[in-house]
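Chain by chain, the residues:
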Amino acid sequence: MLRFFLRRFAVAVLVALTVLTLAFMLTRLSGDLAVSIAGPNATAEDVETVRRVYGLDRPLTVQYFDWLGNALRGDFGESYFFRDRVSNLIASRMPVTVTLGLVGLVLALVVSLPLGILAAVREGSWVDRLVGLFAMIGQAMPSFWLGLMLMVVFGLQLAWLPISGADTWEGFILPGVVLAFSAIPSLTRLTRSGMIEALASDYIRTARAKGLTRLSILVKHGFRNAAIPVVAIAAVQLGFMLGGSVVIETVFALHGVGYLAWESISKNDFPVVQAVVLVLALIYIGLTLLADLFNAVLDPRLRSA
Amino acid sequence: MSGAVLPAGRASRLLRNWGFMVGVAIVGFAAIIAILAPWIVPYDPFAIDLDRRLVPPSFMEGGDPRNFLGTDQLGRDYFSRLIYGTRISMVIGVLTVITSGLIGITLGVLGGFYGGKVDDAVVFAITTRLSIPAVLVALAVAALRGSSFLLVVLVLGFLLWDRFAVVARSTTMQIRNLDYVSAAWCAGASRWWVLSREVLPNIATHLAVVATLEMALAILLEAALSFLGLGVPPPLPSWGLMISEAKEYMFFDAWVIVIPGAALFVLVLGVNFLGDALRDMMGTDLSR
């Protein structure tokens with residue numbers, strides 16, 4: 001168990017270091033950063049000043065190790081635009097993004113788990129096919145478009161919910177629904193296949209033979225076993241959802257990390273962009289590591305992998 | 001065995017699957033429209049007419065029979081722009097699948113075929129790719145390099161190869177030790193021969209399913225990038241860009257976002273139907 005844990009942890013650290021390097025390369029290799037920062041109306045002199053002030057005239061390897069050393073200590077430098085530490089900016093915006101992610105995940109689970117179980121219990125029936133169709137529709141829905149449509153219907157025509165912003169808890173409902181749609185298809189399918197597998201197993205037959213009620217068999221014996229992979233994938237999905245929140249936060253003007261990244265991209269504020277890419281990647285790596293460990297603790301067969 | 005991508009029995013089952021037929025109908029229709037776009041548009045999709053802005057579709061109140069789907073905020077014919085938008089979505093989808101397929105299939109087959117250190121490296125590459133937030137990186141690259149049609153294809157191609165690699169790797173591993181592959185080795189076949197004549201044809205159907213999933217994802221991501229202003233540059237009528245440009249008017253005239261969004265949704269749904277039918281036919285679950 002300990003060997004398994006150490007191995008997974010070492011891989012996670014290596015992946016994190018690779019992402020760190022890629023994040024640095026991303027901003028340095030795609031064009032001259034000084035020209036981008038100085039803007040379209042800058043003279044050659046301005047560009048030189050920018051280059052010197054931001055330390056972009058130093059050799060790339062020096063810049064890289066400087067950035068790497070600072071990033072490892074949690075110091076991502078200073079924002080060009082906001083005149084604040086990047087780490088402060090991200091810390092202050094993170095609660096909105098995490099709240100949105102959790103709301104989305106909870107909504108997704110509330111919809112997917114019952115639907116997946118229902119489809120599995122009635123496998124092959126019209127209910128099963130209807131659930132499958134629903135998952136397909138969710139998968140094909142463009143999230144930004146769904147967001148705008150919900151804003152028109154619920155924000156304007158029915159006037160039930162705020163159109164944008166996160167001043168009250170109601171502001172999280174529409175973006176949460178949109179975000180949930182991105183996780184519902186895969187979570188529903190996974191619940192369904194897990195339940196079908198669990199229901200076909202020997203211990204379910206034993207439970208039936210003992211004369212337990214249908215509900216108790218479904219919940220205690222079936223779902224408990226089907227839930228293991230679902231919980232693990234839910235953690236990974238949360239990582240994906242946080243990464244994908246840039247589009248939804250922009251649509252709903254929620255001032256989270258995704259919105260911060262979007263603002264910074266349009267203002268050529270690259271220390272912030274770099275840091276957001278990195279932080280979101282680290283969260284994803286951490287969540288996948290947790291999901292792996294969770295699986296291994298519950299299912300010893302996976303430990304040899 | 002090699003070369004038998006679609007055994008006859010499976011092919012006929014496919015034709016009885018209604019989801020497959022709907023998928024073929026939608027994607028086939030979109031492909032025809034995309035190819036014939038210049039000949040079937042009623043008007044020039046780039047022609048601006050500021051005197052006739054935001055005319056509603058002809059079937060709505062205040063509509064004009066001259067513009068079936070109305071006009072946009074610059075008086076351009078919405079129907080013509082929608083038709084050209086089909087072309088952009090289809091071309092982006094196909095080119096992205098080709099780029100990402102080349103990268104992912106090469107990596108996956110190499111990892112699955114050779115195993116050991118090569119496979120470790122491939123798995124590491126896949127893990128790293130999955131931990132990178134794709135939309136954000138695509139936006140950042142587009143902002144740094146300046147967005148263009150080609151850049152969108154390249155960025156999406158270099159970001160969406162993970163599923164190709166995962167599936168190519170696992171399927172190659174499964175057939176690597178099967179009898180017909182051993183038979184080819186014994187017959188003195190070269191490594192290249194075994195890979196191209198024995199391995200690739202036998203994992204092709206699995207890869208076809210991934211191709212549909214990735215095409216759907218590429219079309220959606222292009223629209224999202226264009227919507228955020230860092231995808232296909234204006235005045236090209238990308239559906240995502242049409243939604244973005246019409247956004248200001250959506251509270252007064254909801255049809256301006258309903259039309260391009262519905263087109264996007266239906267096309268992606270069609271591509272997904274195709275993939276789902278292929279997956280059913282093989283009886284394997286590649287949904288993750």
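Small disclaimer: the values here were computed from a predicted structure and weren't measured.

A.B. asks: Go over the overall build of chain A, please, and point to the residues and values.
C.D. replies: Of the regular secondary structure elements, chain A holds 12 helices and zero strands. Seen through its principal axes, chain A has C-alpha atoms that stretch 85 × 60 × 30 Å. The 305 residues of chain A split such that 40% are buried. Residue pairs at least 24 apart in sequence account for 72% of intrachain contacts in chain A once pairs closer than 6 positions are excluded.

A.B. asks: Residue-level account of the packing of helix H9 (residues 191-227) of chain B against helix H11 (residues 255-282) of chain B, with values.
C.D. replies: Helix packing for two helices is described by the angle between their axes and how far apart those axes are. Residues and elements named next belong to chain B. Look at H9 against H11: their axes get within 9 Å of each other, and the N-to-C directions meet at 165°. For the element pair H9 / H11, the angle class is roughly antiparallel. In the packing of H9 onto H11, the handedness of the crossing is left-handed. Between H9 and H11, the contacting residues are Thr 205, His 206, Ala 208, Val 209, Thr 212, Leu 213, Met 215, Ala 216, Ile 219, Leu 220 and Ala 223 on the first element and Leu 264, Leu 267, Val 268, Val 271, Asn 272, Leu 274, Gly 275, Leu 278, Arg 279 and Met 282 on the second. Residue composition of the contact of H9 with H11, by class: 15 nonpolar, five polar and one charged.

A.B. asks: Go over the interface of chain A and chain B with me, naming the residues and quoting the values.
C.D. replies: Note on interface size: it is often stated as the accessible area lost on association of the parts. Facing the 39 residues of chain A at the interface are 36 residues of chain B. When contributions to the side of chain A that touches chain B are tallied by element, the ones reaching two or more residues are helix H1 (2-29), helix H6 (126-140), helix H7 (143-157), helix H8 (173-199), helix H10 (214-252), helix H11 (257-266) and helix H12 (270-298) of chain A. Among the residues forming the side of chain A that touches chain B, the class breakdown is 27 nonpolar, 11 polar and one charged.

A.B. asks: Hey, could you go over the UniProt feature "domain: ABC transmembrane type-1" (unreviewed entry) in chain B for me, with residue numbers and the actual values?
C.D. replies: In the UniProt entry, the feature "domain: ABC transmembrane type-1" (unreviewed entry) is given for residues 86-275 of chain B. Structurally, residues 86-275 of chain B is divided into 83% helix and 0% strand, and its ends, taken at the C-alpha atoms, are 19 Å apart.

A.B. asks: So, the packing of helix H5 (residues 86-121) of chain A against H8 of chain A: which residues are in play, and what are the values?
C.D. replies: Residues and elements named next belong to chain A. Between H5 and H8, whose axes approach to 6 Å, the crossing angle comes to 35°. Between H5 and H8 lies a crossing whose hand is right-handed. Broken down by class, the residue content of the contact of H5 with H8 amounts to 22 nonpolar, six polar and one charged.

A.B. asks: Tell me about the UniProt feature "transmembrane region" (unreviewed entry) in chain A, and name the residues and values.
C.D. replies: All names here are of chain A. Annotation from UniProt places "transmembrane region" (unreviewed entry) at residues 98-121, 133-160, 172-190, 226-252 and 272-294. Its end C-alpha atoms 26 Å apart, residues 172-190 is made of 95% helix and 0% strand. Within residues 272-294, the helical portion is 100% and the strand portion 0%, while the C-alpha atoms at the span's ends are 33 Å from each other.

A.B. asks: Now, about the environment of Glu 214 of chain B: what can you tell me, with residues and values included?
C.D. replies: Residue and element names in this part refer to chain B. Assignment of secondary structure puts Glu 214 in helix H9. Taking C-alpha positions, Glu 214 is 8.1 Å from Thr 96, a pair spaced 118 residues apart along the chain. Leave out the neighbours within four places in its chain, and Glu 214 touches Thr 96, Val 97, Ser 100, Leu 160, Arg 163 and Phe 164.

A.B. asks: Describe helix H3 (residues 78-114) of chain B, and please don't skip the residues or the numbers.
C.D. replies: All names here are of chain B. Taking 1.5 Å as the rise per residue, H3 with 37 residues should run 54 Å; its terminal C-alpha atoms sit 53 Å apart, in good agreement. In the structure, H3 departs most strongly from a straight axis at Gly 101, where the bend amounts to approximately 25°. Of all 37 residues in H3, 28 are buried, a share of seventy percent or more.

A.B. asks: Provide a residue-level description of the environment of Ala 246 of chain B, including the pertinent values.
C.D. replies: Residues and elements named next belong to chain B. With respect to the secondary-structure elements, Ala 246 resides in helix H10 (residues 239-246). For Ala 246, a count of 23 C-beta atoms within 10 Å translates into the label buried. Between the alpha carbons of Ala 246 and Gln 73 there is a distance of 7.0 Å; along the sequence they are 173 residues apart. When sequence neighbours within four positions are dropped, the list of residues in contact with Ala 246 reads Asp 72, Gln 73, Val 256 and Ile 257.

A.B. asks: An account of the confidence of the model for chain A is requested, with residue identities and associated values reported.
C.D. replies: A residue-level look at chain A finds 94% of positions with pLDDT of 70 or above and a mean pLDDT of 82. Mean pLDDT across the elements of chain A bottoms out in helix H2 (residues 33-38) of chain A (71) and peaks in H6 of chain A (90).

A.B. asks: With reference to specific residues and values, describe unusual backbone geometry.
C.D. replies: With an omega of 5°, the peptide bond running from Pro 234 of chain B to Pro 235 of chain B counts as cis. With respect to the element layout, Pro 235 of chain B can be found in the loop between H9 and H10. Even without being a glycine, Ala 253 of chain A presents a positive backbone phi close to 50°. With respect to the secondary-structure elements, Ala 253 of chain A resides in the loop between H10 and H11. Taking the C-beta count within 10 Å as the criterion, Ala 253 of chain A has 13 such neighbours and is therefore assigned partly exposed.

A.B. asks: Give me the environment of Ile 259 of chain B: which residues, what numbers.
C.D. replies: All names here are of chain B. Secondary-structure assignment places Ile 259 in helix H11. When the 22 C-beta atoms within 10 Å are taken as the criterion, Ile 259 is described as buried. Taking C-alpha positions, Ile 259 is 44 Å from Gly 111, a pair spaced 148 residues apart along the chain. Apart from residues no more than four positions distant in its own chain, Ile 259 is found in contact with Leu 69, Tyr 78 and Leu 82.

A.B. asks: So what's going on with the nonpolar core? Residues and values would help.
C.D. replies: With 161 residues, the main nonpolar core has Val 276 of chain A together with Leu 136, Ala 138, Leu 139 and Ala 224 of chain B as its most contacted residues. Sort the elements by how many residues they give to this core and H9 of chain B lands first, with 18 residues. Residues contacting Ala 138 of chain B, with those up to four places away along its chain left out, are Val 155, Leu 156, Leu 159 and Leu 225 of chain B.

A.B. asks: If you had to explain helix H2 (residues 18-40) of chain B to someone new, which residues and values would you point to?
C.D. replies: Residue and element names in this part refer to chain B. An ideal rise of 1.5 Å per residue puts 33 Å on 23 residues; H2 reaches only 29 Å between its terminal C-alpha atoms. Considering bend angle alone, the principal kink of H2 is centred on Ala 34 and spans about 45°; proline Pro 38 follows within four residues of it. Burial in H2 covers these residues: Gly 19, Phe 20, Gly 23, Val 27 and Ala 30.

Rules used in this analysis
Each residue is numbered by its place in its chain's sequence as written, counting from 1. As they are written, the chains are lettered A onward and the ligands numbered 1 onward, keeping that order. Local features are withheld for residues below a pLDDT of 70 in this predicted model, meaning they are given only at 70 or higher, and side-chain atom pairs are given and counted only at 80 or more; totals for whole chains, interfaces and linings count all residues. Think of it this way: any DSSP run of H or I at least four residues long counts as a helix, any run of E at least two long counts as a strand, and we number them from the N terminus. The exposure label follows from counting other C-beta atoms within 10 Å of a residue's C-beta, where the C-beta atoms are placed from the backbone and the thresholds are 20 or more for buried and 12 or fewer for exposed, leaving partly exposed in between. Contact between two residues is assigned whenever their backbone-derived C-beta positions fall within 7 Å. Lines fitted to C-alpha atoms define the axes here, with helix axes fitted over just the stretch in contact, and angles between the N-to-C directions of these axes take values from 0 to 180 degrees. Oblique is the label for every angle not falling under 35 degrees (roughly parallel), over 145 degrees (roughly antiparallel), or within 65 to 115 degrees (roughly perpendicular). Crossing handedness follows the turn of the near helix against the far one: under a right angle anticlockwise gives a left-handed crossing, and clockwise gives a right-handed one. In this classification, Asp, Glu, Lys and Arg are treated as charged, Ala, Val, Leu, Ile, Met, Phe, Trp, Tyr, Cys and Pro as nonpolar, and every other residue, Gly included, as polar. UniProt positions are given in the numbering used here, feature names are shortened, and annotations may be inferred rather than shown by experiment. One less than the number of residues in a helix, times 1.5 Å, gives the span that helix is expected to have. Throughout, the bend at a residue refers to the angle made by two axes, fitted to the seven residues ending there and to the seven starting there. What pLDDT expresses is the predictor's confidence in each residue, scored from 0 to 100. Definition of nonpolar core: a set of buried Ala, Val, Leu, Ile, Met, Phe, Trp, Tyr and Cys residues joined via C-beta atoms within 7 Å.

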